[in-house]
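Each chain is listed here by its residues.
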Amino acid sequence: MNALSSRQPWRIAAQEHMRRVKYLFMVLVACLLQIFSVAAFAHASLIDSQPSDASVLSAGPADVVLRFNEPVAPLVFKLVFPDGSIKPLSQIAVIPDGLKIALPKTEVVGTYLLSWRVISADGHPVGGALSYSLGSPSSEVKPVLSASSPMLVAIIWLSRFALYVCLFLGIGGVAFRAFFSVETDAPPRWINALIFSSWLLLPVAVGTHGLDALSASWDQLLSWAPWKTSLGTTYGTTAALMLAASLVGCAGNIKKQIGPGASVAALLLLGAALASSGHAASAPPTWLARPTVFLHAVAICLWIGSLLPLMSALGKTQGPQILRKFSRAIPRVLAALLVSGIVLTTLQLRHLNELWLSDYGRILCVKLALLSGLLAVAAFNRYGLTVRVEQGDHRAARAMRKLIAVEIMLVLLILAAATTWRFTPPPRALAPSRATASHIHIHTAEAMADVTLVARGSNQVEAQVFLADGEGAPLKAKEVVLKFSSPQQGLEALEEETQLGENETWKTKAFALPATGRRHVRLDVLISDFESISLEGEID
């Protein structure tokens, strides 16, 4: 029998499996880098405004009402005048479904921009701009940019990724040492190093979160404003609980006699920290989302936090004994991890095609691919090598240590992908903003009309109409009737009456359109008992 044939089959299989994992590792790194190039978003959505975006008004509004799909808190508001001058706004009232912003009295004809920035329920900032015109639109409107710089986005991502790595591996290492280790040696220095590093990373994460919330420059990091803003959000609660978890974990690592109690407390605090903020924790219903995030975080910490100490233990005489205890307990942890992950995915995705049609879903696909590779390696260790290691096979132990190193690399990529979700809204947050309004401008020699369809509930819309004469001045009318038809779909005209509301805007009651798509809209405008005009156009 030659040397090649004398090699044990499990070793040949392990080397072949490692070769495949390395190829998968390189491919998924490239995919992750591609996905991370997506633009930054936050997770609350503006679903309605009064006045509506791009509306033309006869008089300047006294206030603007912004309505969101989830509770928000005000941050920064500015009004940009037609001449480009900017006035900060400070009179903002929180109403049940959004915010009410008081505006200064304005009489200058042209387009105004309201720049707004708020904190959503998940602790992430979101901003945008609402435009409206007084009299007639300006010929040129300069956009208001409030997005964070790429450098700030990169530092936010890097600090949070490193923070997750330090806390999960550090606190998980303390738990492994308390429940699975049989050693009585001094506490591993690398655990303390990870926990100490988390104390340096926490201020970076909190400070940059405040800068992002206020869309502030780097020099403002030396002022109290970004720190106060960040600590006042739900992420402030997360940071405080993370600090408490790290302190308790450090104490449990230094004094092994309190290790079991301290590690349990640290795990509970870390789970509560991640359940306090973030889009996963704020998904409705929160009574289900928050406990699920808590369970998911604890399971992640117990699993991936065990990899480094287990790899170290396999090189010692107590390795087989430690592996036996670990292999019996870890299936329950993995079951909790998988079940909680499925629940969270169900809460964030409404349809299966959102896995490949949304940025959130594509990142989830990468995470699932990485997790599949991680589970495959873990399964080979469990069912292909564990028995041999427990029997004292040193070559099997060396092979397992190499595969655990592959697991750690896959874990780092999974955490990197999960951190990217900080900048990518889940589909359930984007859904209310996709079809909130459709707009059409009809312009003839006699008159002009701005028609806006605003979503009211899941299947109804409200039509809003502003009328002007051929020169842009508000047009007085006695009656306005809208007719929607779709010859291509064989639908007869749907007629809706309107009533005159605020700011010379005619509005219908909420009504249902039988089908979606492009519609022909006709406005029959009664000017007087002897004069009427009709305006027609196409609207989505």
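Definitions and cut-offs
Residues numbered from 1 in each chain as written. Predicted model: local features only at pLDDT ≥ 70, side-chain atom pairs only at ≥ 80, totals over all residues. Heavy atoms only, no water. Helix = DSSP H or I, 4+ residues; strand = E, 2+ residues; numbered from the N terminus. Polar contact = N/O pair within 3.5 Å; in protein donor to acceptor, adjacent residues only side chain to side chain. Salt bridge = Lys/Arg side-chain N within 4 Å of Asp/Glu carboxyl O. Buried < 20%, exposed > 50% of the residue type's maximum accessible area, 1.4 Å probe, protein only. Pairing = 2+ DSSP bridges. Axes fitted to C-alpha atoms, helices over the stretch in contact; angles between N-to-C directions. Expected span 1.5 Å × (residues − 1). Bend = angle between axes of the 7 residues up to and from the residue.

## Some points on the environment of Trp 157
Thinking step 1. Within the fold, Trp 157 resides in helix H3 (residues 150-179).
Thinking step 2. Taking the C-alpha atoms as reference, Trp 157 lies 6.8 Å from Thr 420; in sequence the two are 263 residues apart.
Thinking step 3. Of note is the side chain of Trp 157, whose polar atom sits 3.4 Å from the side chain of Thr 420.

## What to know about the pattern of salt bridges
Thinking step 1. Counted under the stated rule, the structure contains seven salt bridges.
Thinking step 2. Of the charged contacts in the structure, one is a salt bridge between Asp 212 and Arg 422, with a shortest N-O distance of 2.7 Å. On the criterion of sequence distance, the pair formed by Asp 212 in helix H4 (residues 189-214) and Arg 422 in the loop between helix H13 (394-420) and helix H14 (427-434) is long-range, its members being 210 residues apart. In terms of burial, Asp 212 and Arg 422 fall into one category: buried.
Thinking step 3. Here Arg 522 and Asp 524 are joined by a salt bridge, their closest N and O atoms 2.8 Å apart.
Thinking step 4. The network of salt bridges with common partners includes Arg 117, Asp 212 and Arg 422.

## What to know about the sheet that holds strand E1 (residues 46-50)
Thinking step 1. Strand order in the open sheet formed by four strands is E1-E3-E7-E6, and the pairing between neighbours is antiparallel. Strand pairing shows two members of the sheet lacking a second neighbour, E1 and strand E6 (92-95), which therefore form its edges. Put simply, the sheet's adjacent strands are angled 20° from each other on average, direction ignored.
Thinking step 2. Pairing between E6 and strand E7 (residues 98-102): four bridges, direction antiparallel. From the neighbouring strand, Ala 93 faces E7, where its bridge partner is Lys 100.

## Some remarks on the pairing of strand E4 (residues 72-80)
Thinking step 1. As paired elements, E4 and strand E8 (residues 110-120) share eight bridges and run antiparallel to each other. Each bridged residue has a counterpart across the sheet, and for Pro 74 the counterpart in E8 is Val 118.
Thinking step 2. In sequence, E4 turns back onto strand E5 (residues 86-89) through a hairpin of five residues, with Gly 84 there showing a positive phi of about 95°.

## A look at helix H10 (residues 319-348)
Thinking step 1. Taking 1.5 Å per residue as the helical rise, H10 with its 30 residues ought to reach 44 Å, and the 41 Å between its terminal C-alpha atoms agrees with that figure.
Thinking step 2. Of all the bends in H10, the greatest, near 35°, is centred on Ala 329, and the proline Pro 331 appears no more than four residues after it.

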